Amino acid sequence: MTADDSFNRLDDDDYPAYTMGRAAEMLGTTPGFLRALGEARLITPLRSEGGHRRYSRYQLRIAARARELVDQGTSIEAACRIIILEDQLEEAQRLNAEYRRAAESADPTTAA
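Residues numbered from 1 in each chain as written. Predicted model: local features only at pLDDT ≥ 70, side-chain atom pairs only at ≥ 80, totals over all residues. Heavy atoms only, no water.

### Examining the pattern of salt bridges
And step 1. Tallying each qualifying case throughout the model produces eight salt bridges.
And step 2. Among the ionic pairs, Arg67 bridges to Asp71, the shortest N-O distance being 3.5 Å. With a gap of four residues between them, Arg67 and Asp71 both fall in helix α4 (residues 57-71), about one helical turn apart.
And step 3. The class for Arg67 is partly exposed, based on a relative accessible area of 28%.
And step 4. According to the relative accessible area criterion, Asp71 is exposed, its value standing at 53%. (Salt bridge = Lys/Arg side-chain N within 4 Å of Asp/Glu carboxyl O. Helix = DSSP H or I, 4+ residues; strand = E, 2+ residues; numbered from the N terminus. Buried < 20%, exposed > 50% of the residue type's maximum accessible area, 1.4 Å probe, protein only.)

This is how it looks when you write it as structure tokens:
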């Protein structure tokens, strides 16, 4: 990958641009917290060629949500489960709306 390719990926939410230390600093947490999220399988950081964890902006948003819940007194395991369920609910609602739009366009008389 060239420097130009890397620069163009900076807008990519899934590009693993942040080291563990930088990610922990940005979130105001410890590297151990990020490792715990990985162990709970909430986020799976990519690895650099040297084996170091790298995090994307999308993963940092998820980690920030987990930190918010933990700071409110929720256990890390429960926080991870809550976030997974929130994500599943959001996806189900998105699919439901998509199916509803498809049904309405197929049969305009069913519009509520």
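### Describing the sheet that holds strand β2 (residues 46-47)
And step 1. Spatially, the three strands line up as an open sheet ordered β1-β3-β2, and their pairing is antiparallel. The outermost strands of the open sheet, each flanked by one partner alone, are β1 (18-19) and β2.
And step 2. Examined bridge by bridge, β2 and strand β3 (residues 53-55) share two bridges and lie antiparallel to one another. The partner of Leu46 across the bridge, within β3, is Arg54. (Pairing = 2+ DSSP bridges.)

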